[in-house]
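# Descriptive analysis of the structure
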Amino acid sequence: MQDSRGTKEKEFDVLKIALGAKERQIIYDRINIRVDKMVNMGLESEARIIYFKNPELKSFAATIGYQEFIPYFKGEYDLKTVVEKIKQNTRRYAKRQLTWLRAQVDINWFYIDELSVEEIETKSYELIKKFLI
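Residues numbered from 1 in each chain as written. Predicted model: local features only at pLDDT ≥ 70, side-chain atom pairs only at ≥ 80, totals over all residues. Heavy atoms only, no water.

## Quick notes on the overall build of the protein chain
- On a plain count of helices and strands, the protein chain comes out with 6 helices and 2 strands.
- For 133 residues, the compact-globule estimate of 2.2 N^0.38 gives 14 Å, and the C-alpha radius of gyration of the protein chain, at 20 Å, exceeds that figure by more than 25%.
- The long-range share in the protein chain, meaning contacts at least 24 apart out of those at least 6 apart in sequence, stands at 55%. (Helix = DSSP H or I, 4+ residues; strand = E, 2+ residues; numbered from the N terminus. Rg over C-alpha atoms; globule rule 2.2 N^0.38 Å. Contact = heavy atoms within 4.5 Å.)

## Things to note about helix H5 (residues 79–102)
- Given a rise of 1.5 Å per residue, 24 residues ought to cover 34 Å, and the 35 Å separating the end C-alpha atoms of H5 matches this to within 8%.
- Buried within H5 are the following residues: Val82, Val83, Ile86, Lys87, Asn89, Ala94 and Leu98.
- Tucked inside the fold, the buried residues of H5 contact helix H1 (24–40), helix H2 (43–53), helix H4 (69–73) and strand S2 (107–111). (Expected span 1.5 Å × (residues − 1). Buried < 20%, exposed > 50% of the residue type's maximum accessible area, 1.4 Å probe, protein only.)

## Quick word on a nonpolar patch on the surface
- Taken together, the side chains of Ile17, Ile128, Phe131 and Leu132 define a hydrophobic patch exposed on the protein surface, amounting to about 360 Å² of accessible area.
- The greatest single-element share of the nonpolar patch, amounting to 3 residues, is contributed by helix H6 (residues 117–132). (Patch = residues over 30% accessible without salt bridge, like charges linked within 9 Å, V, L, I, M, F, W, Y side chains within 5 Å. Areas by Shrake-Rupley, 256 points an atom, 1.4 Å probe, with all protein chains shown as cover. Salt bridge = Lys/Arg side-chain N within 4 Å of Asp/Glu carboxyl O.)

## Some remarks on unusual backbone geometry
- A positive phi angle is found at Asp106, which is not glycine, with a value near 60 degrees.
- Tracing the sequence through the fold places Asp106 in the loop between H5 and S2.
- Judged by its relative accessible area of 62%, Asp106 is exposed.

This is the structure we're talking about:
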């Protein structure tokens with residue numbers, strides 16, 4: 001929708017909340033821990049089932065956390081290399097997400113290296129309540 005000057009008007013009121021860390025390494029460390037946890041919880045088995053059920057599935061080949069297993073299933077990588085590739089690709093994706101988010105306006109940022117989970121919950125709740133009233 002445009003106003004009388006041809007300027008695009010917002011169709012909706014939006015409350016934007018983002019979590020981040022002032023130190024990028026904190027995010028990268030959390031990604032590494034999360035990938036290790038996913039592998040320990042059976043990511044390889046899950047990927048194997050999906051891949052061998054339908055090896056031509058395009059979304060599998062394009063999804064971080066699955067695509068890295070394709071060379072492994074073909075005998076080209078060992079599991080350690082797969083895990084490192086998943087971590088690397090996830091960190092790159094997180095960096096792109098943060099770049100995109102930082103370019104947005106009116107985002108309420110909460111930094112996990114400055115606030116506790118409880119403080120983030122409280123401040124988020126206050127923002128949401130204020131926004132809805």
